[in-house]
Amino acid sequence: MEIPVLDFEVYRLGENVTDAKLKELSRELRTAFTEIGFVYLRNTGIGQEEVDAVIEISKKFFLLPEEVKIPLSRMSNTDNHGWVAPEIERLNPSRPGDLKEAFNITSLHTDAAWPAEDVVPGFRKAFESFFMRCKDLSLHVLRVMALSLDIDVDIFVNSHKSIGSSTNGSTLRILYYPPVKRAMVKESQLRCGEHSDYGSISLLFQDSKGGLQVKSRSGEFIDAPAIPGTVLINIADLMQRWTSDVFISAKHRVLLPPPGDSSTRQSLVFFAQPDDDIIVICCDGSNKHPPVKTGDYLLERFNETYRMQGHDEESNQALEEAGTRYEGMQQCFESIQVLIRMTWQAGLFHFGKVLIYDPFFSIVTRRENWTVEINKSKSQTRN
Ligand SMILES: O=C(O)CCC(=O)C(=O)O
Ligand SMILES: [Fe+2]
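Parameters at a glance
Residues numbered from 1 in each chain as written. Chains lettered and ligands numbered in written order. Predicted model: local features only at pLDDT ≥ 70, side-chain atom pairs only at ≥ 80, totals over all residues. Heavy atoms only, no water. Helix = DSSP H or I, 4+ residues; strand = E, 2+ residues; numbered from the N terminus. Buried < 20%, exposed > 50% of the residue type's maximum accessible area, 1.4 Å probe, protein only. Areas by Shrake-Rupley, 256 points an atom, 1.4 Å probe, with all protein chains shown as cover. Expected span 1.5 Å × (residues − 1). Contact = heavy atoms within 4.5 Å. Axes fitted to C-alpha atoms, helices over the stretch in contact; angles between N-to-C directions. Parallel < 35°, antiparallel > 145°, perpendicular 65-115°, else oblique. Left-handed = near helix turned anticlockwise from the far one by under 90°. Nonpolar A, V, L, I, M, F, W, Y, C, P; charged D, E, K, R; others polar. Near = heavy atom within 4 Å. Polar contact = N/O pair within 3.5 Å; in protein donor to acceptor, adjacent residues only side chain to side chain. Donors = N, O, S within 2.8 Å, 3.2 Å for Na, K, Ca; no water. UniProt positions renumbered as here; feature names shortened; annotations may be inferred. Pairing = 2+ DSSP bridges. Salt bridge = Lys/Arg side-chain N within 4 Å of Asp/Glu carboxyl O.

Remarks on the overall build of the protein chain
Working step 1: Secondary structure summary: the protein chain contains nine helices and 14 strands in total.
Working step 2: When burial is assessed residue by residue, the protein chain has 49% of its 383 residues classed as buried.
Working step 3: Element-wise, carbon and sulfur atoms account for 53% of the exposed surface of the protein chain, whose accessible area totals about 18,300 Å².

Thoughts on helix α1 (residues 19-35)
Working step 1: Between its first and last C-alpha, α1 extends 24 Å over 17 residues, near the 24 Å set by a 1.5 Å rise per residue.
Working step 2: Listing the buried residues of α1 in full gives L22, L25, S26, L29, A32, F33 and T34.
Working step 3: Against the buried residues of α1 lie β1 (5-7), β2 (38-42), α4 (123-148) and β10 (230-235).
Working step 4: Remark: G37 follows α1 within two positions and exhibits a positive phi of approximately 85°.

A look at the packing of helix α2 (residues 48-62) against α4
Working step 1: Between α2 and α4, whose axes approach to 10 Å, the crossing angle comes to 135°. When the axis of α2 is compared with that of α4, the two are oblique. The handedness of the crossing between α2 and α4 comes out as left-handed. Between α2, through E50, V51, V54, I57, S58 and F61, and α4, the contact on the second element is made entirely by F123, A126, F127, F130 and R133.
Working step 2: Across the contact of α2 with α4, the residue classes tally to eight nonpolar, one polar and two charged.

Notes on the site of ligand 1
Working step 1: Residues in close proximity to ligand 1 include L175, Y177, H195, D197, L204, L212, H252, V254, R265, S267 and F271, which together make up its full environment.
Working step 2: H252 is positioned with one of its side-chain polar atoms (N or O) 3.1 Å from an oxygen atom of ligand 1.
Working step 3: One nitrogen or oxygen atom from the side chain of R265 is found 2.4 Å from an oxygen atom belonging to ligand 1.
Working step 4: Against a free-state accessible area of 300 Å², the protein chains account for coverage of 98% of ligand 1.
Working step 5: Take the shell around ligand 1: its biggest share by element is three residues, from strand β12 (residues 265-272).

Some points on the coordination of the iron ion (ligand 2)
Working step 1: The iron ion (ligand 2) binds to the protein through H195 (NE2), D197 (OD) and H252 (NE2), with metal-donor distances spanning 2.1 to 2.2 Å.
Working step 2: For the iron ion (ligand 2), the donor residues sit on a single chain with the sequence spacing H-x1-D-x54-H. Of this pair, D197 sits in the loop between β6 (192-195) and β7 (201-206) while H252 is found in strand β11 (residues 252-254), placing the two residues 55 residues apart along the sequence. The same class applies to D197 and to H252, which are both buried.

Quick look at the UniProt feature "domain: Fe2OG dioxygenase" (unreviewed entry) in the protein chain
Working step 1: Residues annotated by UniProt as "domain: Fe2OG dioxygenase" (unreviewed entry) correspond here to residues 167-274.
Working step 2: Secondary structure over residues 167-274 splits into 6% helix and 38% strand, and the C-alpha atoms at its two ends are 9 Å apart.

Observations regarding the sheet that holds β2
Working step 1: Pairing within the open sheet is mixed, and its eight strands lie in the order β1-β2-β10-β7-β12-β5-β4-β3. Only two strands of the sheet have a single partner each, and these edge strands are β1 and β3 (82-84). Looking at each pair of strands side by side, their axes are set apart by 25° on average, direction ignored.
Working step 2: One ladder, built from five bridges, connects strand β4 (residues 101-105) with strand β5 (residues 171-177); its direction is antiparallel. The partner of I105 across the bridge, within β5, is L172.
Working step 3: The strands touched by α2 within the sheet are β3, β4, β5, β7, β10 and β12, with β12 carrying the most contacts at an inclination of about 110°.

A closer look at the environment of D136
Working step 1: By the element assignment, D136 lies in helix α4.
Working step 2: Given a relative accessible area of 37%, D136 falls into the partly exposed group.

Side note on the pattern of salt bridges
Working step 1: For the structure on display, the rule yields 15 salt bridges.
Working step 2: Note that D150 is salt-bridged to K23, the shortest N-O span being 3.9 Å. Linking D150 in the loop between α4 and α5 (155-158) with K23 in helix α1, this pair joins segments that are 127 residues apart in sequence.
Working step 3: Judged by relative accessible area, which is 66%, D150 ranks as exposed.
Working step 4: The partly exposed category is assigned to K23, whose relative accessible area is 33%.

Notes on the side chain of S170
Working step 1: By secondary structure assignment, the location of S170 is in the loop between α5 and β5.
Working step 2: At 2.6 Å, the side chain of S170 forms a polar contact with the side chain of N168.
Working step 3: Only 2.9 Å separates the side chain of S170 from the backbone nitrogen of Q273, close enough to count as a polar contact.
Working step 4: Once residues within four sequence positions are removed from consideration, S170 is found in contact with I105, T106, F131, I163, F270, F271, A272 and Q273.

Below, the structure written as structure tokens:
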């Protein structure tokens, strides 16, 4: 069995569509999503050059030293935005941490953490714009999906109205799989463990390195290589529930490269999610799956992904307290920073440097280490 490749030309971004052509496309899409849960779409309006350009910018970010990426870390399951260090996430909890790192872009707020413009020029602009391109394509695909099910054609689109705002969890995730050092690989470790995605649909763009596999209904894994100029689209778990299991959310994984292959792999995934307050109810009127509120469901799934094996309630509470102490210290540091700035402005810099800056700097260096530890632990076990 192979993942089908469909031409989305009839529904290209910004073009008009005739009913008959759209019907045919929706029939083909329905077959792909009911039989395998994955489909390649070509002629979506998102071109290969555009994808290559953002993949190139994302590499610049991932190749930065850890000290630059750590302050941009993803902090909690309620704020999914930010950097996820290698081996932190285990998409299959029975395997060791995934051999990958990621940067999640969840909302387009001005206060979200981004790499500084002089560190990775054009990063924020490129990904904000790519996020919107993925949003548009997702809405088009969701519309054809509803059409294919003979239900209200806008039912899915109307449930994704807030993509890009704080009341919707849709996320553009950029991924980097570093070269694999075989001697360091743990028993059964993969680049990305078997999992299904959580939301409605995912849009996946990958470089040519390979490794992605999709589990078919009969249980065997089949390769899902990059096909230039296409977007690989898959059904995620909330959509499977919504459609009473008509569309299937297939498990997928990324294998290690063959021994001796030290190449890296890069991909981009846009996870489209319904708005947080949308209650997902089986659209055929059945009660095959009980209604579930999107925001609660996603939080529960994140809690499973980031829960570290062997951590109990007590250690979670200890980390919670460490986090509170850290926040207190943060305020103290901010006051010292103000003092330094005032000393500087008063022309007393030399005096300030010896008396305040030097001791402050040595504390800051230690603070960086605490931050690393607390952030790592928080994203692994809290929430
Ligand atoms: O990198 C890939 O190709 C797959 C990533 C993936 O499936 C995910 O992050 O959910
Ligand atoms: Fe996935």
